[in-house]
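Spelled out, the chains give:
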Amino acid sequence: MKRKNFITLCWISLATSMFFFFFFTDEKNLENFMLTIAISSMYSFVLGAGNGLINDFLNKKFPWSEATTKRAVISIISILLANIILVYFCNYMNFVVFQKSATTEEYFTGKYNYINWFTINIALLISAFLHAKSFMVELKKTSRKEVVEQKLIAKSANAQFESLKNQLDPHFLFNSLNVLSSLIDENPRQAQKFTASMSKIYRYVLEQKDKELVTVEDELEFAKTYCELLKTRFEDSVDFVFDVKKEDYKRFVVPLSLQLLLENCIKHNFATSSKPLIIRIYSENDTLCIENNLQVREQIKESSGIGLANIVQRYSLLTKKNVFIEKSEDYFKVKLPVLSIKPNVVSEKETDEDKAYERAHKRVKELKSFYGNLISYCIVIPFLIILNLITSPSDIWFYWPMLGWGIGLVAHGASVFAIGKGWEDKKIREILEKQNNFKN
């Protein structure tokens, strides 16, 4: 037991013993005072420490954050059984052992049933408070942990996205210089023209590299300029076909995606005047397709794979839509998702964080409502029992509110802790599976 809890129980024992000694003890002497302290201490430490130990044990074995429903069911069963046993033990020690106001036979024949029931409700109130407190502490820790994790995810996503974008600049420059180097040997005049055009393209690269997305229209204009450079070098060996729907022009793709894919087409395929490489860029079902006839070139050294991998990773950080790759004996095709809105990595993560907070806040309100209902039950029902026994002991009526409210409390708890929801979810999955099998 923690020192703080021990001191608290000592103060509770002293306060209750003073109260009962001064208001309910006829002979105020040292012996009765010590007896009152002993009885108060027994109730405080047995009920308080017992419920505290049960709560600590359940916190270790069944944490609220890992198994909320299971923990709720186990808590309800354990505190009911434990408190009945502890209360019967304490009352037995009080009335049979200490005060000697009843024999063992009298105690268990029903004479003290009302007192036992009243004490059990008080013990349940203490236990409900302890479990509610531990749940709130656990929920607060979990909420803080989720917020920290969401912030780390957002920061990590931003850092990863920036790293991927920074690959484009040196990657494009390196490949463009390779093309220029080849042209200098083959055709110096075209090399000069290529250098002038490359400056325009590189200006676009510098302008777009800090953007997450660009319009399809801007990317197509850039791709056409890049294709002119490729035509300058390969002439009739390469042909480009653009067939993109006008309605897709104002939608979005990741910047430099077309340039990287066009570059891949040239890099991995051979192109001659007799067997030209035909590259098509067209719209298809909310995607922008880049397709080429397959004329695989033998690679002297293995490709680094930066281009396509970069595009796939950047899309994965911005949207749940996937980049699709199709390959057959005749063609190779990449499908880029075109997006209607411009997502933002940080705002998406912040939205997820806000939603997580809203769910946690709603959950706390539901649990506070249930525990408020439980505490009210534990306070009001014992009061009604005492009122009934004092005013009309021959007419027992407190069973009706106790039973009716109790049924409502159980239903409330089942709703809050989703008891029985597993069966519903299982049945829903079975029905959906049957429908899918029927359609297939």
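Bear in mind that the values here come from a model prediction, so they are computed numbers and not experimental data.

Topic: the side chain of Glu263
With respect to the helices and strands, Glu263 occurs in helix 8 (residues 257-268). Buried charge without a salt bridge: Glu263, with Lys267 as the nearest opposite-charge side chain at an N-O distance of 6.2 Å.

Description of unusual backbone geometry
For Asn285, which is not a glycine, the phi torsion comes out positive at approximately 50 degrees. Within the secondary structure layout, Asn285 lies in the loop between strand 4 (277-283) and strand 5 (287-293). For Asp286, which is not a glycine, the phi torsion comes out positive at approximately 60 degrees. The topology assignment puts Asp286 in the loop between strand 4 and strand 5. Taking relative accessible area as the criterion, Asp286 reaches 45% and is therefore assigned partly exposed.

Section: the side chain of Gln295
Looking at where Gln295 falls in the secondary structure, it is placed in the loop between strand 5 and helix 9 (306-318). A relative accessible area of 11% places Gln295 in the buried class. There is a polar contact of 3.2 Å between the side chain of Gln295 and the side chain of Asn293. In this structure, Gln295 is in contact with His268, Asn269, Phe270, Ala271, Lys275, Pro276 and Leu277, ignoring residues within four places of it in sequence.

Quick look at the nonpolar core
Judged by nonpolar contacts, the single largest core of 45 residues is most densely connected at Ile279, Leu288 and Leu336. With 9 residues, the single largest contributor to this core is helix 7 (residues 216-234). In this structure, Ala72, Leu86, Ala123 and Val416 belong to the second largest nonpolar core, which totals 29 residues.

Section: the packing of helix 2 (residues 30-61) against helix 3 (residues 68-98)
Axis separation between helix 2 and helix 3 bottoms out at 10 Å; the angle between their running directions is 165 degrees. Between helix 2 and helix 3, the crossing angle belongs to the class labelled roughly antiparallel. The interaxial crossing formed by helix 2 with helix 3 has right-handed handedness. Of the residues in the contact of helix 2 with helix 3, the class split is 16 nonpolar, 9 polar and 1 charged.

As for the packing of aromatic side chains
Across all of its chains, the model carries 0 aromatic pairs by this definition. Between Lys224 and the ring centre of Phe242, over which it is positioned, the NZ or CZ distance is 5.5 Å. Note that Arg280 overlies the ring of Tyr282, its terminal NZ or CZ placed 4.2 Å from the centroid.

Remarks on the environment of Lys200
Its place among the elements puts Lys200 in helix 6 (residues 188-208). Counting along the chain gives 22 residues from Lys200 to Phe222, while the straight-line C-alpha distance between them is 9.4 Å.

A closer look at the environment of Ala123
Position of Ala123 among the secondary structure elements: in helix 5 (residues 113-186). Residue Ala123 is classed as buried on the basis of its relative accessible area, which comes to 0%. In this structure, the C-alpha to C-alpha distance between Ala123 and Tyr43, residues 80 residues apart in sequence, is 9.6 Å. Setting aside chain neighbours within four positions, we find Ala123 in contact with Leu47, Asn51, Asn83 and Val87.

Focus on a nonpolar patch on the surface
Residues Ile7, Trp11, Leu14, Met18 and Phe22 make up a contiguous nonpolar surface patch of roughly 500 Å² in combined accessible area. Here Phe22 shows up in helix 1 (residues 3-24). Judged by its relative accessible area of 46%, Phe22 falls in the partly exposed class.

Details of the environment of Asn51
Note that Asn51 resides in helix 2. On the accessibility criterion, Asn51 (1% relative accessible area) is buried. For the pair Asn51 and Ala82, spaced 31 residues apart in sequence, the C-alpha to C-alpha distance is 7.9 Å. With residues near it in sequence (within four places) discarded, Asn51 still touches Val46, Asn83, Ala123, Ser127 and Leu130.

Here's the deal with the pairing of strand 5
Extensive coverage of strand 5 is indicated by the burial of 6 of its 7 residues. As judged from the 5 bridges shared by strand 4 and strand 5, these two strands associate in the antiparallel manner. By the bridge assignment for strand 5, Ile279 is matched with Asn292. Counted along the chain from strand 4 to the antiparallel partner strand 5, the turn is 3 residues long, and its residue Asn285 has a positive phi close to 50 degrees. In this structure, strand 5 lies alongside strand 7 (residues 331-337), joined through 7 bridges in antiparallel fashion. Opposite Glu291, over in strand 7, you have Lys333 as the bridge partner.

A few points about the sheet that holds strand 2 (residues 238-243)
One open sheet holds the 5 strands; their spatial order is 2-4-5-7-6, and the pairing between them is mixed. Every interior strand has two partners, whereas the edge strands, strand 2 and strand 6 (324-327), have only one. Strand-to-strand twist of the sheet, defined as the mean angle between neighbouring strand axes without regard to direction, takes the value 15 degrees. Examined bridge by bridge, strand 6 and strand 7 share 4 bridges and lie antiparallel to one another. Note that in strand 7 the partner of Glu326 across the bridge is Lys333. Packing against the sheet, helix 7 makes contact with strand 2, strand 4 and strand 5, and its axis sits at approximately 165 degrees to strand 2.

Conventions used here
- Residues numbered from 1 in each chain as written.
- Predicted model: local features only at pLDDT ≥ 70, side-chain atom pairs only at ≥ 80, totals over all residues.
- Heavy atoms only, no water.
- Helix = DSSP H or I, 4+ residues; strand = E, 2+ residues; numbered from the N terminus.
- Buried < 20%, exposed > 50% of the residue type's maximum accessible area, 1.4 Å probe, protein only.
- Lys, Arg positive; Asp, Glu negative; His and termini not counted.
- Salt bridge = Lys/Arg side-chain N within 4 Å of Asp/Glu carboxyl O.
- Polar contact = N/O pair within 3.5 Å; in protein donor to acceptor, adjacent residues only side chain to side chain.
- Contact = heavy atoms within 4.5 Å.
- Core = buried A, V, L, I, M, F, W, Y, C linked by side-chain atoms within 4.5 Å.
- Axes fitted to C-alpha atoms, helices over the stretch in contact; angles between N-to-C directions.
- Parallel < 35°, antiparallel > 145°, perpendicular 65-115°, else oblique.
- Left-handed = near helix turned anticlockwise from the far one by under 90°.
- Nonpolar A, V, L, I, M, F, W, Y, C, P; charged D, E, K, R; others polar.
- Phe/Tyr/Trp six-rings, centres within 6.5 Å; stacked < 30°, edge-to-face > 60°.
- Lys NZ or Arg CZ within 6 Å of the ring centre and 35° of its normal.
- Patch = residues over 30% accessible without salt bridge, like charges linked within 9 Å, V, L, I, M, F, W, Y side chains within 5 Å.
- Areas by Shrake-Rupley, 256 points an atom, 1.4 Å probe, with all protein chains shown as cover.
- Pairing = 2+ DSSP bridges.

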